[in-house]
Amino acid sequence: PKKSIESMVELFELLTKLKQNGHNVEDFERRNYPPEEEFTVDLVDRVVALFSAIQLEKYSADVRTRKQFQDLYTELRQHLTDAYAEMEQMEQKQQALMPQQQQQQHVPDGNSA
């Protein structure tokens, strides 16, 4: 990521220089190129717009992926919370039943003499 950010910064610096040069030669281009030809300034603007659209799509995809991960993580946490609560309830029921089972084991049945 750091390298790609550095590359983006460098690309935009070069495009900025190219656009400045385009402004410097705009009169020359308009006089010497056919009207249907794209001039440097317009071409740089198109490159920047396309590059920005690609970056926006990449960012949007990253955001969607992060949201999906966050949603799955939240769902998993909820399932774990529910599971732990259910285990705790079962343990409490087991502990509540244990004294009753112990009492039943120690109750004389009256047949032993």
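These numbers come from a predicted model, not from an experiment. (Residues numbered from 1 in each chain as written. Predicted model: local features only at pLDDT ≥ 70, side-chain atom pairs only at ≥ 80, totals over all residues. Heavy atoms only, no water.)

## With respect to helix α1 (residues 2–32)
The end-to-end C-alpha separation of α1 is 42 Å, in line with the 45 Å expected for 31 residues at 1.5 Å each. Those residues of α1 that fall on the buried side of the exposure criterion are Leu-15, Gly-22 and Glu-29. (Helix = DSSP H or I, 4+ residues; strand = E, 2+ residues; numbered from the N terminus. Expected span 1.5 Å × (residues − 1). Buried < 20%, exposed > 50% of the residue type's maximum accessible area, 1.4 Å probe, protein only.)

## Structural notes on the environment of Glu-29
Relative to the elements of secondary structure, Glu-29 occurs in helix α1. Accessibility expressed as a relative area gives 5% for Glu-29, which makes it buried. When the C-alpha atoms of Glu-29 and Met-8 are compared, they prove to be 28 Å apart, with 21 residues separating the residues in sequence. Those residues in contact with Glu-29 that lie beyond four places of it in its chain are Phe-39 and Thr-40. (Contact = heavy atoms within 4.5 Å.)

## Looking at the layout of surface pockets
A probe as big as a water molecule, rolled over the atoms, marks out the empty space that is left. If you add up the space inside the largest pocket, you get close to 210 Å³. Lining the largest pocket are Pro-1, Ser-4, Ile-5, Met-8, Phe-51, Gln-55, Lys-58, Tyr-59, Asp-62 and Arg-66. Looking at the lining of the largest pocket, the elements with two or more residues in it are α1 and α2 (40–106). A per-class count over the lining of the largest pocket returns five nonpolar, two polar and three charged. (1 Å grid on protein atoms, 1.4 Å probe; cavity = no way out; pocket = protein on both sides within 12 Å on 5 of 7 lines; lining within 4 Å. Points joined across faces, edges and corners; volume = space filled by probe spheres on them. Nonpolar A, V, L, I, M, F, W, Y, C, P; charged D, E, K, R; others polar.)

## Quick word on the pattern of salt bridges
Proximity of charged atoms lets side chains of opposite charge pair with each other. The full count for this structure, using the stated rule, is five salt bridges. In this structure, the salt-bridge partner of Asp-45 is Lys-19, at a minimum N-O distance of 2.5 Å. Here the residue Asp-45 occupies a position in helix α2, and Lys-19 occupies one in helix α1, the gap between them amounting to 26 residues. Note that Glu-57 and Arg-64 form a salt bridge whose closest N and O atoms lie 3.3 Å from each other. Judged by its relative accessible area of 46%, Glu-57 is partly exposed. With a relative accessible area of 45%, Arg-64 lands in the partly exposed category. (Salt bridge = Lys/Arg side-chain N within 4 Å of Asp/Glu carboxyl O.)

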